[in-house]
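Architecture and fold: a report
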Amino acid sequence: MPVNADAKTETSANMEEDTNTDARTLPINELFYSLQGEGKLAGTPSVFIRTSGCNLRCWFCDSYHTSWEPTHAGMTLSEIIDEVESSDANHVVVTGGEPLVHDDVSHLLERLSNAGYHTTVETNGTIFTDTAIDLASISPKLASSTPTAERDPKGEGEWAERHEERRIDIDTLATFVNNYETQLKFVVTDESDMKEIKTLVADVRDAAEVPIHDTDVLLMPEGATRDGLDETRERVAELAMKSGYRYTPRLHVDLWNDAPGT
Ligand code: SF4
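Residues numbered from 1 in each chain as written. Predicted model: local features only at pLDDT ≥ 70, side-chain atom pairs only at ≥ 80, totals over all residues. Heavy atoms only, no water.

With that settled, the discussion passes to the environment of S113. As for its placement among the helices and strands, S113 is situated in helix α3 (residues 105-114). Linking S113 and H72, residues 41 residues apart in sequence, is a C-alpha distance of 24 Å. (Helix = DSSP H or I, 4+ residues; strand = E, 2+ residues; numbered from the N terminus.)

The following block contains the structure:
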């Protein structure tokens with residue numbers, strides 16, 4: 001849905017439906033106003049709603065308290081919408097964790113859409129949900145994400161098998177592509193990641209009914225701090241030029257390093 005501030009008027013039918021979802025709650029890890037730092041909408045002022053809970057356990061997860069050790073407060077959909085409306089943003093990013101593990105996220109997205117907001121959902125692409133999403137920002141998890149015993153932040157290795165089984169589902173990825181505007185966003189460290197990315201993109205292209213353009217495939221440098229990005233930024237930019245895929249910055253890291261709530 002295009003952004004249209006004038007559209008922030010709900011029809012009476014929508015409002016009646018919305019009232020029925022007022023009291024539903026979601027586990028919210030944080031909710032803040034910032035700039036979208038990544039992807040096609042990088043630089044766009046946006047409210048971020050970060051839900052807690054994930055069906056995967058990437059060893060490098062940069063939102064540890066939504067996956068390995070989830071923490072959150074329960075907020076009703078009404079409370080969340082009130083917070084969103086207290087900012088000037090027309091864009092809302094629903095992220096996690098994996099937001100689509102929660103059924104009530106679809107009600108939240110429908111309410112945001114009815115109120116005229118453009119919605120981006122940041123997802124690992126393993127759980128398809130038929131709801132109101134303007135941009136599905138999908139980050140498929142590569143083999144290097146698996147929390148083997150040596151890499152498991154808890155040192156237990158108990159998630160490795162489940163993570164490996166769940167991390168890629170080509171049919172689900174194709175269903176996202178068929179139903180939403182999408183971007184496929186990959187965290188890249190170096191050239192060794194490219195073979196797997198190209199194979200995965202080819203597999204999803206084969207399974208999908210609509211084209212995936214190279215510019216819908218985004219390479220994002222690994223690094224959650226400025227120092228970390230300094231190591232990978234130029235290398236990944238060169239890989240983007242070589243492959244024809246799009247480079248995406250991590251603006252929030254460039255601007256605010258690893259400060260929380262950015
Ligand atoms: S899918 Fe995302 S939120 Fe879940 S563990 Fe991996 S990086 Fe963390």
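All right, on to the sheet that holds strand β9 (residues 246-247) then. Taken in spatial order, the nine strands line up as β3-β1-β2-β4-β5-β6-β7-β8-β9 in an open sheet, and their pairing is mixed. Looking at the sheet topology across the chains shown, the edges are occupied by β3 (73-76) and β9. Taken together, the seven bridges between strand β1 (residues 25-35) and strand β2 (residues 45-51) define a ladder with antiparallel strand orientation. Bridging from a neighbouring strand, E30 pairs with R50 of β2. Lying over the sheet, α3 contacts β1, β2, β4 (91-95) and β5 (118-123), oriented at roughly 175 degrees with respect to β4. Contacts from helix α7 (residues 226-243) reach β7 (182-188), β8 (217-221) and β9, with the element oriented near 155 degrees to β8. (Pairing = 2+ DSSP bridges. Contact = heavy atoms within 4.5 Å. Axes fitted to C-alpha atoms, helices over the stretch in contact; angles between N-to-C directions.)

In the predicted model, the protein chain carries a mean pLDDT of 91, and the fraction of residues at 70 or more is 93%. Confidence drops under pLDDT 50 across residues 1-16; counting only partners more than four residues distant or on other chains, this segment forms 24 contacts. (pLDDT = per-residue confidence, 0-100.)

Here the focus is the packing of aromatic side chains. Inspection of every chain in the model, using the stated rule, returns five aromatic pairs. A network of ring pairs unites the aromatic residues F128, F176 and Y180 as a single cluster. When the ring centre of W159 is taken as reference, the NZ or CZ atom of R57 above it lies at 4.0 Å. Cation over ring: R162 sits above W159, and NZ or CZ is 3.9 Å from the ring centre. (Phe/Tyr/Trp six-rings, centres within 6.5 Å; stacked < 30°, edge-to-face > 60°. Lys NZ or Arg CZ within 6 Å of the ring centre and 35° of its normal.)

So, on to α3. Residue pairs three or four apart in sequence face the same way in an α-helix, which turns once every 3.6 residues. Counting buried positions along α3 gives seven out of 10 residues, so the element sits mostly inside the fold. Burial in α3 covers these residues: V105, S106, L108, L109, R111, L112 and S113. Where α3 ends, the next residue or the one after it, G116, has phi of about 95 degrees, a positive value. (Buried < 20%, exposed > 50% of the residue type's maximum accessible area, 1.4 Å probe, protein only.)

Close to the ligand lie C54, L56, R57, C58, C61, S63, S67, G97, N124 and K141, which account for all nearby residues. Of the residues that constitute the shell around the ligand, the class distribution is four nonpolar, four polar and two charged. (Near = heavy atom within 4 Å. Nonpolar A, V, L, I, M, F, W, Y, C, P; charged D, E, K, R; others polar.)

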